[in-house]
Each structure stands twice: as C-alpha cells, then as structure tokens.
Amino acid sequence: MSEAGDLVVVGAGPAGMAAAATALHGGLRVTLLDAGPAPGGQFWRRPVRTAGPAAARAADPRHGRRTYRALSAALSAHRRTGRLTLLTDHHAWTAARAEDGFTVHAVDRGRAPEETAVALRAPALLVATGAYDRQLPFPGWDLPGVLTAGGLQALLKGGGVPAGARVVLGGTGPFLLPVAAALAAGGAKVAAVCEASGPSAWVRRPGPLLRCPARWAEAAGYAAALARHRVPVRTRTAITAAEGTGRVAAVRTALLDADGSPLPGTERTIAADTVGVGWGFVPQLDLLVTLGCPLADAGDGSMAAAVDGGQRTGVPGLYAAGETCGVGGAALAVGEGRLAAVSVLADLGAPGRPNPRRLAAGRAAVARHRAFARAVARAHPLPPGWSSWLTDDTPVCRCEEVTAGAVRSVCADGSAADHRQVKQLTRAGMGWCQGRMCGPAVHGLAAPGQPYAPAERLIATPLTLGALAGPGEPPSVPS
Ligand SMILES: Cc1cc2nc3c(=O)[nH]c(=O)nc-3n(C[C@H](O)[C@H](O)[C@H](O)COP(=O)(O)OP(=O)(O)OC[C@H]3O[C@@H](n4cnc5c(N)ncnc54)[C@H](O)[C@@H]3O)c2cc1C
C-alpha cells in the first residue's frame, strides 16, 4: 500500500489533467493515473511512439491546443518538484472506501504482458474516467470492418491509420463530424455521413448554441472541411445493415420517420470497406458505482454521476468530473475538473484557492457548456424505433453470442424488465466486455425510453490472477 498524497485522480483526460493542475497549484500532493501511455484522454490522445507524422498531424489538438499545452507544462513542472506522481499505463481496476479516505487498486501494465499490482491510498479521490462509444446493433455489425466512430478516431490519432479506403459513418451526434473530417484529411474517401437526427431541433432552440460561439465555430470548421472533401451528410438517415462476405463490402441505409423507424422505399446501398458507428457516448462509471456514488439521469439515455455545483458526489471525499458526469465535450470536462479541485482544496482545508471572481467565471462557463450538452442530447436523441431494424438473429451481445430474438423473448414473456434481468436469463453482458458494448442496447430492448445505468462491476478491467493476488508494490514513477 502506498500513500499517494492528498488526492488521487483516476483518468488523465481533459478533466483529470485540469483537476490535477488546479489541486497542485493550490498546494496539494497529487497522484494522477491513467490506463493509457500518456496524459490527454480521448480528446488530446497522443500518437503511439512508433507512429509516423500522419498520427502527429491527426492528433494535433487544434481545438483547445493552448489549454492542453498549459496543462501539460503545469503537470511537468509539478512532477519535477516531486508533488505530482504521474502513473501512466496504470489501470484502476477497483476502488474501496477506507477509514481515512480511499484505496485505489490498479495494475501497472507498463511492461506488458507483465502486470504488477499497485494500491494507492489518499484522503480524497477524483474519478475522471471519461466515456466510451454507445453502440446500437444492426444486422452485420459484427462483420470485420465495422468499428465504432471513436475507434476510427483513436486509430487515426494514435497511429495515423485511416482504417479503410472507403468509409461510411452513421449514428447521431456532433462527434461524427470531426471523425469524418479527420478521415477525409487522412486520405480516406468518406462516402457518406448518415446522421439519424434532423437539423430542426437546433433551429427551434438555438439559444445554447449561440451562447457557445466556440462550439459553433468548431462545427462550422468541420462543415467546411466536409464540403471541401465533398463528403455527403445525409440527415434523418441511419445505417440499417452492413453486408459482405468475410468483411463489410456495403451498407444499407434508410430515411427515418418521426419515430426513428426506417421509411419503406427509401433504402439504398452504399459500397464501403469500413463503417464507423457512434450513437453518442456512455459515461464510464465502474469505479463510481462500486464506491456507491448516486447516479442521475443525464438526459441522453444514460445515467451519470450525480454531483453538486462543486463536483462532489454523494460520497464524502469522492469527486467526479468530465464525462463521468454526463457527456459534454472537452471544454466542459476541463471546467468541471477545475471546479472539482477547488472543492477538494476547500474540503481538505488547503490554503491555496482561486480568487472568487475567477471561480464565478469558471462556474458560469461550466453552466453554459452543460446547457449546450443538454441541447445536443435533445437534438440528437436515440431514434425510438431503432430496434425495428434488428432481425431476430442479429447478435446483440457479441461476447456471449446472444441474439436480439433471445433478448426479445425474455422481455416479451415478462421475465426480464431491464438489462440485469436479461443478463441473468440469457448471459447477455456476461462476457469479456462485461456489458460495456451491449449493455445500453440490451437495456433499450428491455426498457425502452429508460436511461441506462451500468451494473456494478467490482473488477473494472480484466486482470491476471497474479495481479489480483499480488502484494501491491510501491508505484513505479516513469521517467
Ligand atoms: C473513443 C473516443 C474518442 C473521442 N474523440 C474525440 C474527438 O476527437 N473530439 C472531441 O471533441 N471529442 C472526442 N471524444 C469525446 C471526448 O472524450 C471528450 O470530449 C473529452 O475527452 C472528455 O474528457 P474527460 O477527461 O472527461 O474524459 P477522457 O478524455 O475520456 O479521459 C478519461 C481518461 O480516463 C482513463 N481511464 C478510464 N478508465 C480508467 C481506469 N479504470 N483506470 C485508469 N484510467 C482510466 C482513460 O484512459 C482516459 O485517458 C471522444 C470520446 C471517445 C470515447
């Protein structure tokens, strides 16, 4: 067991980096750990060491570059003073409440395949573990060549690899735009972006968009890039099937009616060797649920950590920031990270606090970005009729090969009312991914319209028995 200073921050994305920098600035000693090889999270993902210049170009943080550089410089300076311990390649697999704070159990995978157990103890814990792509199944979604939109983006930013030569993107939400723009800039032909929503929601309620001019400018930049590369954006359209023998060769798309069901007679087939699909994101709540953190409806089909105006959860000493509190983009994550650190400083009685005017401005910015996130959720809902494009033999849980028909049958006879009960009866969600991939879809079939809350997973990542039983060596501090 290692004393990890005053605060452990799990997740070094925009939220975790900002929180750590603010807490360090206020005089605390911080341990910041991340499962990835470098800080940055999804938005500021860095290329892997062996990647070439294409990855460096794709990962260049055009948006928020100044913030990224300032946070990186602050963290490096605090590492030199010894007040920040940065643990990369460390995956926190569980966390527990202790008498005087929290114990975070992690595995060090810096020398993979070797795994070393690490246990960190601190009086305060901030969970900033981000989110992951929400997937809705469709016939053929298990064909090689069908990826998540986030996966396509990660390949580009991490390795400079456009996953295919001719790509179709589908789903809903503004995230499809940067992915399409990056793929086109990386040399792929983006044959279509199929956006399930229409633009009318934004036109009806433009307020939050107008109050966030930076987001508006960012979207306009992507729209211009797509126009330059002649990428067609088809609204009110969904990918309803992927086809191919051995790997994907084409997608079928259809216009959607007001309920989100495919309109008969509007189907078309588009040739593609790669398909990227994203229906927004699901907050990564494993550690928070295990610690007993209350959840709240995020308004986008998922539950998120319930926090007060200072990012405090309902568990004393436990804080959450960024996409664990609801999906809203990097600027919101940075703002919430800072607010969380200010609360930690106050709660631990640390002398350093930001001046009240700066704090009020930070709170106002977070409120503005949160309102924008709610507007995005309203404008890009999951189409209620999405399950109508599943055939009974469409796999829903790919790990355990459970079909839509099997899920439907336990729901139809009243045996299962949510994804947990479906899991008990069909094994959907019991495999390697522990329902991260299929959970939201299984829940959508069992309890349409109800927000998805993940089941408790005491072990947040698969780990070896050796690491599980390991004595917990002191954390190694990478140079
Ligand atoms: C795959 C993907 C790609 C994205 N790409 C973009 C993009 O290109 N542009 C854009 O505007 N938005 C993108 N987003 C949205 C983006 O995630 C957010 O806007 C922003 O990065 C949120 O910041 P965050 O700090 O809350 O979370 P994240 O940036 O997701 O950071 C969370 C960090 O926590 C770490 N982590 C998670 N669980 C553990 C654990 N148990 N132990 C240790 N570490 C852990 C992760 O490795 C990650 O580094 C993407 C999201 C995803 C899921």
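All figures in this text were calculated on a predicted structure; none of them were measured in a lab. (Residues numbered from 1 in each chain as written. Predicted model: local features only at pLDDT ≥ 70, side-chain atom pairs only at ≥ 80, totals over all residues. Heavy atoms only, no water.)

Looking at the overall build of the chain
Link 1 in the chain: The helix and strand inventory of the chain stands at 15 helices and 23 strands.
Link 2 in the chain: Taken against the 2.2 N^0.38 rule, which gives 23 Å for 479 residues, the C-alpha radius of gyration of the chain at 22 Å falls within 12% of a compact globule.
Link 3 in the chain: Dimensions along the principal axes, computed over C-alpha positions, put the chain at roughly 65 × 50 × 45 Å.
Link 4 in the chain: Taking all 479 residues of the chain together, the buried fraction comes to 52%.
Link 5 in the chain: In the chain, the share of contacts with a sequence separation of at least 24, taken over all contacts with a separation of at least 6, comes to 67%.
Link 6 in the chain: Surface summary for the chain: the accessible area is close to 20400 Å², and the carbon and sulfur share equals 56%.
Link 7 in the chain: One way to put it: in the chain the 48 positive side-chain charges average out to a point 11 Å from where the 34 negative ones average out. (Helix = DSSP H or I, 4+ residues; strand = E, 2+ residues; numbered from the N terminus. Rg over C-alpha atoms; globule rule 2.2 N^0.38 Å. Buried < 20%, exposed > 50% of the residue type's maximum accessible area, 1.4 Å probe, protein only. Contact = heavy atoms within 4.5 Å. Areas by Shrake-Rupley, 256 points an atom, 1.4 Å probe, with all protein chains shown as cover. Lys, Arg positive; Asp, Glu negative; His and termini not counted. Charge placed at Lys NZ, Arg CZ, Asp CG, Glu CD.)

Quick look at the nonpolar core
Link 1 in the chain: Of all hydrophobic cores here, the largest spans 39 residues; its most connected members are Phe138, Val168, Ile239, Val275, Trp389 and Val422.
Link 2 in the chain: Of all elements in the fold, only strand S12 (189-195), strand S14 (237-243), strand S17 (274-279), strand S22 (395-397), helix H12 (404-412) and helix H14 (439-446) reach the threshold of two or more residues within this core.
Link 3 in the chain: Viewed by domain, this core spans two of them, domain 2 (145-279) and domain 3 (390-446), each represented by three or more residues.
Link 4 in the chain: Residue contacts for valine 275: discarding those within four places in its chain leaves Gly145, Val146, Leu147, Leu152, Val168, Ile239, Val248 and Val251.
Link 5 in the chain: If you look at the next biggest cluster of nonpolar residues, it comprises 32 residues, including Val9, Leu24, Val30 and Leu32. (Core = buried A, V, L, I, M, F, W, Y, C linked by side-chain atoms within 4.5 Å. Domains from an automatic or database assignment.)

What about empty space enclosed by the protein?
Link 1 in the chain: Using the criterion set out here, one finds 1 cavity of 30 Å³ or more in the structure.
Link 2 in the chain: Volume-wise, the largest cavity comes out at about 100 Å³.
Link 3 in the chain: Lining the largest cavity we find His419, Lys423, Ala428, Gly429, Gln434, Gly435, Cys438, Gly439, Val442, Tyr452, Ala455 and Arg457.
Link 4 in the chain: Taken together, the elements giving at least two residues each to the lining of the largest cavity come down to helix H13 (419-426) and H14.
Link 5 in the chain: Residues belonging to the lining of the largest cavity are distributed by class as follows: 5 nonpolar, 5 polar and 2 charged. (1 Å grid on protein atoms, 1.4 Å probe; cavity = no way out; pocket = protein on both sides within 12 Å on 5 of 7 lines; lining within 4 Å. Points joined across faces, edges and corners; volume = space filled by probe spheres on them. Nonpolar A, V, L, I, M, F, W, Y, C, P; charged D, E, K, R; others polar.)

What to know about the site of the ligand
Link 1 in the chain: Around the ligand, the structure places 30 residues, and the nearest of them are Asp34, Gln42, Ala92, Gln153 and Glu323.
Link 2 in the chain: Within the side chain of histidine 91, one N or O atom sits 3.4 Å away from a nitrogen atom of the ligand.
Link 3 in the chain: Backbone polar atom of alanine 92 to a nitrogen atom of the ligand: 2.9 Å apart, as the coordinates give it.
Link 4 in the chain: Contact with the protein chains hides 90% of the accessible area of the ligand, taken as 970 Å² for the molecule alone.
Link 5 in the chain: Within the residue set of the shell around the ligand, elements represented by two or more residues are helix H1 (14-25), strand S5 (90-98), strand S9 (131-133), helix H4 (149-159) and helix H10 (330-347).
Link 6 in the chain: Residues belonging to the shell around the ligand are distributed by class as follows: 14 nonpolar, 12 polar and 4 charged.
Link 7 in the chain: Residue assignment places the shell around the ligand across two domains, with domain 1 (2-132 + 282-354) and domain 2 (145-279) each supplying three or more. (Near = heavy atom within 4 Å. Polar contact = N/O pair within 3.5 Å; in protein donor to acceptor, adjacent residues only side chain to side chain.)

A short note on the pattern of salt bridges
Link 1 in the chain: Counted according to the given criterion, the structure contains 13 salt bridges.
Link 2 in the chain: The closest approach of N and O atoms between arginine 121 and aspartate 100, which form a salt bridge, is 3.5 Å. Taken as a pair, arginine 121 in strand S7 (residues 116-122) and aspartate 100 in the loop between S5 and strand S6 (101-108) lie far apart in primary sequence, 21 residues in all.
Link 3 in the chain: The salt bridge involving arginine 427 is made with glutamate 400; its shortest N-O contact spans 2.9 Å. Residue arginine 427 is found in the loop between H13 and H14, and its partner glutamate 400 is found in the loop between S22 and strand S23 (402-403); the two are separated by 27 residues along the sequence.
Link 4 in the chain: Given a relative accessible area of 43%, arginine 427 falls into the partly exposed group. (Salt bridge = Lys/Arg side-chain N within 4 Å of Asp/Glu carboxyl O.)

Observations regarding the confidence of the model for the chain
Predicted coordinates in regions of low pLDDT should not be interpreted in detail.
Link 1 in the chain: Across the chain, pLDDT averages 90, with 94% of residues at or above 70.
Link 2 in the chain: Confidence drops under pLDDT 50 across residues 474-479; counting only partners more than four residues distant or on other chains, this segment forms 14 contacts. (pLDDT = per-residue confidence, 0-100.)

Section: a positive patch on the surface
Link 1 in the chain: On the surface, Arg204, Arg205, Arg374 and Arg378 cluster together into a positively charged patch.
Link 2 in the chain: Relative to the assigned elements, arginine 374 resides in helix H11 (residues 356-379). (Patch = residues over 30% accessible without salt bridge, like charges linked within 9 Å, V, L, I, M, F, W, Y side chains within 5 Å.)

A closer look at the sheet that holds strand S1 (residues 2-3)
The strands making up a sheet associate through backbone hydrogen bonding, with each pair oriented either parallel or antiparallel.
Link 1 in the chain: Spatial strand order, S1-S7-S6-S5: 4 strands in an open sheet with mixed pairing. Looking along the sheet, the strands with just one partner apiece sit at the ends: S1 and S5.
Link 2 in the chain: As judged from the 8 bridges shared by S5 and S6, these two strands associate in the antiparallel manner. Looking at S6, one finds that alanine 96 is bridged to threonine 103. (Pairing = 2+ DSSP bridges.)

Some remarks on the UniProt feature "domain: BFD-like [2Fe-2S]-binding" (unreviewed entry) in the chain
Link 1 in the chain: Taken from the UniProt record, the annotation "domain: BFD-like [2Fe-2S]-binding" (unreviewed entry) applies to residues 396-444.
Link 2 in the chain: Helix and strand shares over residues 396-444 are 47% and 8% respectively, and the end C-alpha atoms of the span are 11 Å apart. (UniProt positions renumbered as here; feature names shortened; annotations may be inferred.)

Let's talk about the side chain of histidine 78
Link 1 in the chain: Along the polypeptide, histidine 78 turns up in helix H3 (residues 65-81).
Link 2 in the chain: The contacts of histidine 78, once residues within four sequence positions are left out, are Leu24, His25, Arg83 and Leu84.

Some words on H13
Link 1 in the chain: Those residues of H13 that fall on the buried side of the exposure criterion are His419, Val422 and Thr426. Looking straight down H13, one finds that the buried residues subtend no more than 55° of arc, so they occupy a single side.
Link 2 in the chain: Along its buried surface, H13 packs onto S23, H12 and H14.
Link 3 in the chain: Regarding H13, its N-cap is aspartate 418, as a side-chain oxygen of that residue lies 3.1 Å from the backbone nitrogen of arginine 420 further along.
Link 4 in the chain: Of the residues trailing H13, arginine 427 is marked for its positive phi of about 75°. (Arc of directions from axis to C-beta.)

Here we look at the domain arrangement of the chain
Link 1 in the chain: In terms of domains, the chain is made up of domain 1 (2-132 + 282-354), domain 2 (145-279) and domain 3 (390-446).
Link 2 in the chain: With centres defined by C-alpha atoms, the gap from domain 2 to domain 3 works out at 26 Å.

A look at a nonpolar patch on the surface
Link 1 in the chain: On the surface, Leu458, Ile459, Leu465 and Leu468 cluster together into a nonpolar patch covering about 400 Å² of accessible area.
Link 2 in the chain: Tracing the backbone through its elements, the reader meets isoleucine 459 in the loop between H14 and helix H15 (465-469).

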